[in-house]
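# Residue-level structural notes
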Amino acid sequence: MQTWSSHSPSSTPGSGRGKHRPRATVHREEDSEERNQGLVGAVEKGTIQHFLRLAQQGTEEKERERALVSLRRGLQHPETQQTFIWLEGSMRTLVGLLTSNQALLQLEAARCLHELSHSEQSAVAEACLPATSYLLTYLSGHSSDFIELCLYTLGNLIVESEAVRRQLLPQGIVPALAACIQSPHLTVLEALGYALSQLLQVKEAPEMIIPSVLGSTLPEHILRLLQPGPKLNLGVAVEFAWCLHYIICSQVDNTLLISHGGLSTLGLLLLDMAGAVQRTEDTGLELLACPVLRCLSNLLTEAAMEVVGGQNQLEDERVVAALFILLQFFLQKQPSLLPEGLWLLNNLTANSPSFCTSLLSMDLIEPLLQLLPVSNVVSILVLTVLCNVAEKGPAYCQRLWPGPLLSCLIGTLASPDIEVVGQSLELLQLLFLYQPEAAKDFLQQSGLQVLERHQEEAQLQDRVHALQQTALHQ
């Protein structure tokens, strides 16, 4: 059976991230004086020069800090950003303040760079090139707040500019991020996950970046941060689950991830998520579910093609039970995630008689059939999973029938969607082949009349005719 083995985030069924998420903003408390000033508008060239001069040459540190605060607030406007980057000496001055030995000025200069990093103009990101080496250096500092700010700024700059990425790679961004992943601070880890996920999504990642990431300590630490237990943090786990997804999608070396226990870690995380949604409705775990389900689906595709040690296999019916708990949760709370769960179920059952047996022994066929009305995409995936079961042979088809399956299939044959009808025809063909009594029942339920509706459809004619012949000659 064909599996949904596409490794492209955009072509994977169901919901997920777009190309890049909205740029990160570091939230912080402003002092009362700054709040009272209100948000300033776009700032003119002369005013920018005034702020920079005060920040550089002011007689009091508080005065210099206030000038940078005003500049930062002005840089929230695209017009000010453009004026700033074309102003001679502006970036040199800002980088000088970033590298000063006065912590407050250094922090405000970094916040100015962070505002610039929000721009969607590559020219603005490239204007920040003189600062990138310092931002990387500061990742090894002692202030978790400052490290977090640098990580989010780097993550934002990575998105827009290939020139920035070309500079960051030889400057050592991968080793710097690998060092950060051992931080005890959750805010730093979440920011790191954001920056790394941006780096892993870029077009040149499979050739230029992911091999370095796989050759570092990052993969084992990513899997460590996804291990279920009291130390698992949802925000951190979401970021690194997406990181893992982008690595897997690249297909650079998925066997390495499997050898590090990727399948078993993700399987245990799936069990943990199912337990969490049973304990409480408001878990937020739907944010984690999408990347975890995709990771498992694609790693299973890889594992099916490779000889992998038994300890890494997901031969555990608890995985099927957990997946159905999540499917019921998605049905109630997040229907857009149903295709993600069904895509995993398809990959579980495609090459595994034991998982097909689990579906049957746990009486999960009827709950699966109840998902058919949700959407055409869901219907196709449900029918594909049932085909995976039916193709395993007579013993499996005997367990599928009798029951509600046949009446449900007569219903899906009436669908206006050609793919739904086509998948229904394939399942009926398997069922009639291995369970002839089902063909007789089909005839008694006026199945031939339903088939006649599709006789004139070019894409279905051959399959309709073949099924009619099979049904009549059983």
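As the structure is a computational prediction, the values presented were derived from the model and not from experiment.

Quick look at unusual backbone geometry now. Although it is not a glycine, Gln 251 sits at a positive phi angle of roughly 60°. Secondary-structure assignment places Gln 251 in the loop between α15 (234-250) and α16 (254-259). Judged by its relative accessible area of 45%, Gln 251 is partly exposed. Its identity is not glycine, yet Asp 363 carries a phi of approximately 55°, on the positive side. Looking at the element boundaries, Asp 363 is found in the loop between α21 (353-361) and α22 (365-369). Here Asp 363 falls in the exposed class, since its relative accessible area comes to 62%.

Turning to the nonpolar core, a few remarks are in order. Ranked by size, the top nonpolar core spans 162 residues in total, and within it Phe 84, Leu 139 and Phe 240 carry the most contacts. Every residue in contact with Phe 84, bar those within four places of it in the chain, is listed here: Ile 48, Leu 52, Leu 71, Leu 75, Ser 90, Met 91, Leu 94 and Leu 116.

This part takes up the confidence of the model for the chain. Mean pLDDT for the chain: 87, with 88% of residues reaching 70 or above. Note on residues 27-39: pLDDT is under 50 here. Beyond four places in sequence and across chains, it has 16 contacts.

Counting through the fold element by element, Phe 432 comes out in helix α26 (residues 418-434). A relative accessible area of 0% places Phe 432 in the buried class. When the C-alpha positions of Phe 432 and Cys 397 are compared, they lie 8.9 Å apart, and in sequence the two are 35 residues distant.

Once that is clear, we can look at the packing of aromatic side chains. Applying the stated criterion across every chain yields a total of five aromatic pairs. When the centroid spacing of 5.9 Å and the interplanar angle of 25° are considered together, the rings of Trp 242 and Tyr 246 count as stacked. Here Trp 242 and its partner Tyr 246 are both found in helix α15, four residues apart, which amounts to about one turn of the helix. Each of the two residues, Trp 242 as well as Tyr 246, counts as buried.

About the cut-offs
Residues numbered from 1 in each chain as written. Predicted model: local features only at pLDDT ≥ 70, side-chain atom pairs only at ≥ 80, totals over all residues. Heavy atoms only, no water. Helix = DSSP H or I, 4+ residues; strand = E, 2+ residues; numbered from the N terminus. Buried < 20%, exposed > 50% of the residue type's maximum accessible area, 1.4 Å probe, protein only. Core = buried A, V, L, I, M, F, W, Y, C linked by side-chain atoms within 4.5 Å. Contact = heavy atoms within 4.5 Å. pLDDT = per-residue confidence, 0-100. Phe/Tyr/Trp six-rings, centres within 6.5 Å; stacked < 30°, edge-to-face > 60°.

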